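Residues per chain, in single letters:
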Amino acid sequence: MAKSATENSAFTEQLMEEVCDRENLERAWKRVKRNKGSPGVDGMTIDEAKAFLRQHWPNIRSQLLDGNYRPQPVKRVEIPKPDGGVRKLGVPCVVDRLIQQAVLQVLQERWDPTFSEHSFGFRPGRSAHQAVAQAQRYVADGYNVVVDLDLERFFDRVNHDILMSRVAARIPDKRVLKLIRAFLNAGVLEDGLVRPVDEGTPQGGPLSPFLSNIVLDDLDKELARRGHRFCRYADDCNIYLRSHHAGERVRASISRFLTDKLRLKVNEAKSAVARPEERKFLGFSIANDGSQRRIAPKALDKFKDRIREITCRTRGISLQQMIADLTPYLIGWRGYFGFCQTPRVLTNLEAWIRRRLRLYLWRQWRNGHNRFTELRRLGIAKFAASVAAGSPTGLWRMSGHPAVQHALRNHVFDSLGLPRIFMPVLA
DNA sequence: CCAGTACACAC
RNA sequence: AUUGUGUGUACUGG
């Protein structure tokens with residue numbers, strides 16, 4: 001019985017055939033195309049790669065099936081990090097992104113379900129919200145000391161031999177093993193020459209996040225074996241304990257485990273044993289009694305700065321344009337942080353937007369030529385009179401009136417060309 | 001179910 | 001000038 005279950009989920013020696021399956025490749029190509037990424041070292045764009053593959057795919061496919069495909073080195077791209085440092089990306093060329101994606105899909109389908117229930121990063125159907133909710137549950141249950149472990153340049157430090165040994169333990173297809181090893185060893189093009197790499201998995205490769213989870217799955221299993229409550233998102237690992245004393249002990253012991261068994265270095269400066277309130281996890285911080293999750297102060301500052309940035313240049317652009325810039329940001333931000341109680345700053349900001357927009361619409365409308373006839377038609381004679389007098393008091397008294405709202409909607413809102421997304425802001 | 005836009009988090 | 005990957009959410013359209 002158990003055997004048939006493993007047979008169903010186990011990988012076969014024909015895994016490369018599955019990778020090269022038509023349907024799998026089409027799904028992989030769609031993903032690569034959707035991401036609209038830039039070319040790798042060969043300078044081939046996605047559109048060009050499409051034509052290239054039409055011609056050369058049979059050749060590449062047979063190389064893959066023979067187990068001697070050689071990926072190109074990755075392109076080095078440096079992007080600034082929020083904290084001022086730089087993130088070194090390794091961008092594979094389009095064809096290699098396609099192949100990695102195809103491998104990822106096949107491996108992930110059967111491997112991912114075996115990962116820990118406490119691992120949330122880079123996994124289908126799992127989110128940062130779920131990780132934070134689980135963390136909050138632990139704190140609410142009285143595990144209100146957190147060991148926050150941060151790994152030093154985790155992707156760049158992944159040990160190839162340890163990773164490959166974990167992969168080889170489950171993958172019998174030698175061609176797939178060789179291909180993954182080739183991706184790891186492809187090197188990076190810097191200053192016109194290829195520099196070989198002996199550790200790390202390229203940040204930018206579709207397979208990299210999944211590989212990182214394979215390595216840290218050992219950590220998950222070890223923590224579970226010791227009976228700890230924990231949540232992990234990528235290299236951000238939080239363990240929840242009942243006392244500070246136990247926390248220090250676990251911190252030291254897990255640090256040792258990571259360096260000895262996985263050859264990974266814990267960033268002692270960024271790691272800590274503390275109360276949940278003092279730490280941030282995925283942009284949130286949890287109250288010490290676990291009763292609520294809050295937006296971490298740092299994330300809130302970032303939000304305020306962004307709002308200032310958009311609203312300060314109001315001199316140069318119309319209010320209409322400013323609202324247009326602001327609204328998508330607010331919606332997106334709420335999508336993530338609305339997960340916890342809405343902070344007052346956001347409610348205040350929304351009220352401010354409503355006032356400004358209503359005033360703006362009012363002015364537009366007041367200057368329109370058909371306002372009096374429209375008001376009379378609506379039977380709001382008093383309001384019509386205050387419009388005629390140009391009195392702003394009429395606005396505040398009447399702007400909430402259903403008939404006025406209706407008039408604004410029909411005669412001003414649409415004529416200004418504001419997207420319908422602003423409707424709730426006005427209401 | 002399939003496209004497109006935006007935001008957030010992680011590396 | 002250059003900007004990769006994964007995941008999640010919200011909106012629009014078919």
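Computed from a predicted model, the values in this text were never measured in an experiment. (Residues numbered from 1 in each chain as written. Chains lettered and ligands numbered in written order. Predicted model: local features only at pLDDT ≥ 70, side-chain atom pairs only at ≥ 80, totals over all residues. Heavy atoms only, no water.)

## A short note on the protein's contact with DNA strand B
Going by this rule: In this text, near means that some heavy atom of the residue lies within 4 Å of the molecule or strand in question. Between N or O atoms, a polar contact is any pair within 3.5 Å; within protein, one atom must be a potential hydrogen donor and the other a potential acceptor, and residues adjacent in sequence are included only when both atoms are from side chains. Under the convention adopted here, Pro, Cys and the residues Ala, Val, Leu, Ile, Met, Phe, Trp and Tyr are nonpolar, Asp, Glu, Lys and Arg are charged, and Gly plus all remaining residues are polar.
Among the 16 residues in the neighbourhood of DNA strand B, the closest are listed as K36, Y233, D235, K302 and Y329. Near the protein, within 4 Å, the atoms of DNA strand B are sugar or phosphate in 82% of cases. Measuring from a base oxygen of DNA strand B, one finds a side-chain N or O atom of Y233 at 3.2 Å. Within the surface near DNA strand B, the residues separate by chemical class into seven nonpolar, two polar and seven charged.

## Some remarks on the packing of aromatic side chains
Counted only if it meets this: Any two rings among Phe, Tyr and Trp, with Trp reduced to its six-membered ring, count as a pair given centres within 6.5 Å; such a pair is stacked if its planes are under 30 degrees apart, edge-to-face if over 60, and tilted if neither. Under the scheme used here, helices are H or I runs from DSSP no shorter than 4 residues and strands are E runs no shorter than 2 residues, and both carry numbers assigned from the N terminus. Using a 1.4 Å probe on the protein chains alone, a residue whose accessible area is under 20% of its type maximum counts as buried, one over 50% counts as exposed, and one in between counts as partly exposed.
One pass over the full model with this rule turns up six aromatic pairs. With centroids separated by 6.1 Å and ring planes inclined at 45°, the aromatic side chains of F11 and W111 adopt a geometry described as tilted. Here the residue F11 occupies a position in the loop between α1 (2–9) and α2 (15–19), and W111 occupies one in helix α5 (residues 94–111), the gap between them amounting to 100 residues. The exposure class assigned to F11 is buried, which follows from its relative accessible area of 8%. Judged by relative accessible area, W111 falls into the buried class, the value being 2%. The interplanar angle of 65° and the centroid separation of 6.1 Å between the aromatic rings of F122 and F155 together place this pair among those described as edge-to-face.

## Quick look at the protein's contact with RNA strand C
Taken together, 23 residues lie near RNA strand C, and R31, N35, Q101, R126 and G204 sit nearest. When atoms of RNA strand C within 4 Å of the protein are sorted by moiety, sugar and phosphate together comprise 80%. Measuring from a sugar or linking oxygen of RNA strand C, one finds a backbone N or O atom of R126 at 2.5 Å. Contact between RNA strand C and G204: a sugar or linking oxygen at 2.5 Å from a main-chain N or O atom of the residue. Of all the secondary-structure elements, those providing two or more residues to the surface near RNA strand C are α3 (22–35), β1 (74–80), β2 (86–91), α5 and α13 (319–337). Looking at the surface near RNA strand C, its residues break down into ten nonpolar, nine polar and four charged.

## What to know about the packing of helix α10 (residues 208–225) against helix α11 (residues 244–262)
To characterise two packed helices, one gives the angle between the axes of the helices and the distance between these axes. Here is the rule we go by: Every angle, taken between N-to-C directions, lies between 0 and 180 degrees, and every axis is a line fitted to C-alpha atoms, over only the stretch in contact when it is a helix. Small angles under 35 degrees read as roughly parallel and large ones over 145 as roughly antiparallel, with 65 to 115 read as roughly perpendicular and the rest as oblique. We call a crossing left-handed when the near helix sits turned anticlockwise from the far one by less than a right angle, and right-handed when that turn is clockwise. Note on definitions: a residue-residue contact is assigned when non-hydrogen atoms from the two residues lie within 4.5 Å.
As a packed pair, α10 and α11 sit with axes 11 Å apart at the nearest point and diverge in direction by 140°. It follows from the interaxial angle that α10 and α11 lie oblique. You can see that α10 and α11 cross each other, and the crossing is right-handed. Taking contact as the criterion, the partners of V215, L216, D218, L219, E222 and L223 in α10 are, on α11, I254, F257, L258 and L262. Class assignment for the residues of the contact of α10 with α11 results in eight nonpolar, no polar and two charged.

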